[in-house]
Amino acid sequence: MSNYNIKHLEEYFKVYKKSVNDPEVFWEEIAEEHFSWYKKWNNVLSWDFKKPEIKWYEGAKLNITENCIDRHLRTNGEKTAILFEPNNPSEEAQHISYNDLSKKVNRFANVLKEQGIKKGDRVCIYLPMIPELAISLLACARIGAIHSVVFAGFSATALSTRINDSDCKIVITSDGSYRGAKTIDLKSIVDEALEECPNVQSVLVAKRINTEIEMKKGRDTWLQPLLDKASDVCEPEIMDAEDPLFILYTSGSTGKPKGMVHTTAGYMVYTAYTFKNMFQYKEEDVYWCTADIGWITGHSYIVYGPLANGATTVMFEGVPSYPDYGRFWKIVEKHKINQFYTAPTAIRALAKQRLDFVNKYDLSSLKVIGSVGEPINEEAWHWYNDNIGKKKSPIIDTWWQTETGGAMITPIPYVTPTIPTYATLPFIGVQPALMDKNGNELKGNQVEGNLCIKFPWPSIARTIWGNHKRYKETYFSAYKDNYFTGDGALRDATGYYRITGRVDDVIIVSGHNLGTAPIEDAINEHPAVAESAIVGFPHDIKGNALYAYVTLKETGETRNQDNLRKEINQIITEHIGPIAKLDKIQFTNGLPKTRSGKIMRRILRKIASNDTSNLGDTSTLLNPEVVQEIIENYIK
Ligand code: WT7
């Protein structure tokens, strides 16, 4: 019997139980009944969190694009696969049918082949939210190349680091991008990045903003003429279940970004199955996730999950504030969106605007509204529920990570009763555990601790590209035999989970995961800076904002502090991107340190949050006197 679509709470509990008691039987049935395979697996699951090594559907042969495209052509070829809504509302939306998508992906795949790209090669994609972005991912998957999408808001340095880390041969970009009223010169960012990337042989350039750009001879080629010449038939490469599908970078607590590697079969099965259930997607529905494909949310829930279900998925090029703050709701009305998925930071920004930006539009098509990326605070939850969901469309607060590939703790709408700020229950097959300070699992309800996952799920990242040791240390060393998420959570009396936030040195700003170390490294590049420490503090739109404590070298620095602040933010913009800019920079004579030389961030966090009532134990500090100085010069 198929449990592909859960419709009642009792069914959820029954299926959940099966998925935990008999995971291999359960995941075998799902895979068998809902996907297309060239060859079935020999073994559903083998795993060892000690090594760590995880394999799902070993021995199976498939191509994910066969599942996301070809198999829908027989029955649904004329259905819209991708609905592209441009930045400028007066430019027409594009409806790309499954038939069109198939041809476009095959053409693109053939172009990549002509460029010498083969199975296993890494392809860097640095594109704005235009159809070519989704198509390029699928084109890579078609020929077995590993895509590495870099969010097009990242700087040249961030881009070159990522290109070099995974040794990409080729970069796919565009002349530029539209973002609200602005245009961004993407190609020149790529040019700058490639000065540091000797192994990149070619750059394919999509035309979007039609500006004059420099094309480097022998390296850069316009994409469209190549696509026009290419055949629209391309046989899919036959892939092994565990062949890498993509690399996606996420920041960590040390300097270098982590290239999370996702493999083919398990990722496909899990993203498709979660998509179907967490959105209760029905055949005629129009689904919209506002994320950028540069993040995991876009990979899993704009591209792969929806397309594997034959869904219509909307891609929006623009921003929520352009031409005004009604844009999201205008799009919901225009395309009669049924499922809408966005981030708390967007909800908070929109909640600050006049309600007539919402009330002008007919939102009655909505059935499910979702949230992802950071904890959704109670106020934002209610605003979303009252004004967008009209108290009838359930909110799904979905907790997951780049590393998990798909949603892990989430309500199933119309099945799981929701409570504000609770991600509620684990998804089918997910076995969470909360850990106490001594590393023991907290059993029973009404407990709070660090959130781990005890058992593999199909879309867990398999390694960090080129650094399996770091994978092991980051995720499998803190708690024996468990995957550690880096988040804290509580489980209430009824078994519902509430995510309380990061417990490591990652700060989530506007839903973007930022490691403190890479930002501190960037600040320390400034010649006048001796040392720095970054912490997060609460911000009413971004969720968290960044507060920096900076000590200067004793070089008789005479520059004015405001200029220094500008220069520091400039360096951050160059090294990482504008998303990592500091809201507040406090210059200080020292940073509070333990005797072993570790910066006591706990104290700095409290001061940055303007809460010095109880600084806790400072007796282990080497230099307790700096604390008072820092408090006195706190920046409001
Ligand atoms: C971190 C992962 C999952 C795609 C987007 C972010 C935080 C994510 C929630 C939520 C509370 C959440 C966690 C997590 N997070 N969703 N619904 N409630 N926190 O992916 O960039 O890898 O970040 O985002 O802290 O660990 P990511």
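For the structure, check the block above.
Computed from a prediction, not measured in an experiment: that's the story for all the values here.

1. What to know about the overall build of the protein chain
A tally of regular secondary structure across the protein chain gives 19 helices and 30 strands. Since a compact globule built from 636 residues should have a radius of gyration of about 26 Å, the 24 Å found for the protein chain is in line with a globular shape. When the backbone C-alpha atoms are referred to their principal axes, the protein chain occupies close to 75 × 65 × 55 Å. Taking as baseline every contact in the protein chain between residues at least 6 positions apart, the subset at least 24 positions apart corresponds to 71%.

2. Brief notes about unusual backbone geometry
Between Lys-51 and the following residue, Pro-52, the backbone shows a cis peptide bond with an omega angle of -15°. Topologically, Pro-52 is positioned in the loop between strand S1 (43-48) and strand S2 (53-58). Of note, the bond from Tyr-322 into Pro-323 is cis; its omega dihedral lies within 30 degrees of zero at -5°. Counting through the fold element by element, Pro-323 comes out in the loop between strand S17 (312-316) and helix H11 (327-335). With a phi angle near 50°, Lys-390 is a residue other than glycine that sits in the positive phi range. Along the chain, the position of Lys-390 falls in the loop between helix H14 (378-388) and strand S20 (395-398). For Lys-390, a relative accessible area of 39% translates into the label partly exposed. With phi around 50°, Ser-510 is a residue other than glycine that occupies positive phi space.

3. Digging into the site of the ligand
The full set close to the ligand counts 18 residues, and Asp-397, Thr-398, Thr-402, Asp-487 and Arg-502 are the nearest of them. Glu-374 places a polar main-chain atom, nitrogen or oxygen, 3.4 Å from a nitrogen atom of the ligand. Contact distances for the ligand include 2.8 Å between a nitrogen atom and a backbone N or O atom of Thr-398. Taken by itself the ligand offers 560 Å² of open surface, and the protein chains cover 96% of this.

4. Let's talk about the packing of aromatic side chains
According to the stated counting rule, one finds 47 aromatic pairs in the structure shown. Between Trp-47 and Phe-49, the aromatic rings sit 4.9 Å apart at their centres with planes inclined by 75°, giving edge-to-face as the arrangement. Among the residues examined, Phe-49 registers a relative accessible area of 3% and is labelled buried. Its end group placed over the ring of Phe-154, Arg-162 keeps NZ or CZ at 4.4 Å from the ring centre. Lying over the aromatic face of Trp-222, Lys-207 brings its terminal NZ or CZ to 4.6 Å of the ring centre.

5. Describing the sheet that holds strand S21 (residues 432-435)
Read across the open sheet, the four strands follow the order S21-S22-S24-S25; overall the sheet is antiparallel. A single partner strand is all that each edge strand has here, and the edge strands are S21 and strand S25 (497-502). On average, adjacent strands in this sheet sit at an angle of 45° to one another, irrespective of strand direction. As defined by bridge partners, strand S24 (residues 483-491) adjoins S25 across five bridges and the pair is classed as antiparallel. Within S25, the residue paired with Arg-491 across the bridge is Tyr-497.

6. A few points about the side chain of Glu-317
Summarising the element assignment, Glu-317 is placed in the loop between S17 and H11. A relative accessible area of 5% places Glu-317 in the buried class. Reaching out from Glu-317, the side chain makes a polar contact with the backbone nitrogen of Asn-87 at a distance of 2.7 Å. A polar contact of 2.8 Å, which involves the side chain of Glu-317, links it to the side chain of Arg-208. What Glu-317 contacts, discounting residues up to four positions off in sequence, is Phe-84, Glu-85, Pro-86, Asn-87, Met-129, Ile-130, Tyr-178 and Arg-208.

7. A closer look at the sheet that holds strand S4 (residues 80-85)
An order of S5-S4-S17-S16-S18-S19-S20 is seen for the seven strands of this open sheet, with the pairing classed as mixed. Whereas interior strands pair on both sides, the edge strands pair on one side only; in this sheet they are strand S5 (94-97) and S20. Within this sheet the neighbouring strands show an average axis-to-axis angle of 20°, counted without direction. Sheet contacts for H11: S4, strand S16 (286-289), S17 and strand S18 (339-342); angle to S4, the most-contacted strand, approximately 145°.

About the cut-offs
- Residues numbered from 1 in each chain as written.
- Predicted model: local features only at pLDDT ≥ 70, side-chain atom pairs only at ≥ 80, totals over all residues.
- Heavy atoms only, no water.
- Helix = DSSP H or I, 4+ residues; strand = E, 2+ residues; numbered from the N terminus.
- Rg over C-alpha atoms; globule rule 2.2 N^0.38 Å.
- Contact = heavy atoms within 4.5 Å.
- Buried < 20%, exposed > 50% of the residue type's maximum accessible area, 1.4 Å probe, protein only.
- Near = heavy atom within 4 Å.
- Polar contact = N/O pair within 3.5 Å; in protein donor to acceptor, adjacent residues only side chain to side chain.
- Areas by Shrake-Rupley, 256 points an atom, 1.4 Å probe, with all protein chains shown as cover.
- Phe/Tyr/Trp six-rings, centres within 6.5 Å; stacked < 30°, edge-to-face > 60°.
- Lys NZ or Arg CZ within 6 Å of the ring centre and 35° of its normal.
- Pairing = 2+ DSSP bridges.
- Axes fitted to C-alpha atoms, helices over the stretch in contact; angles between N-to-C directions.

Geometric values such as these leave the question of function open.
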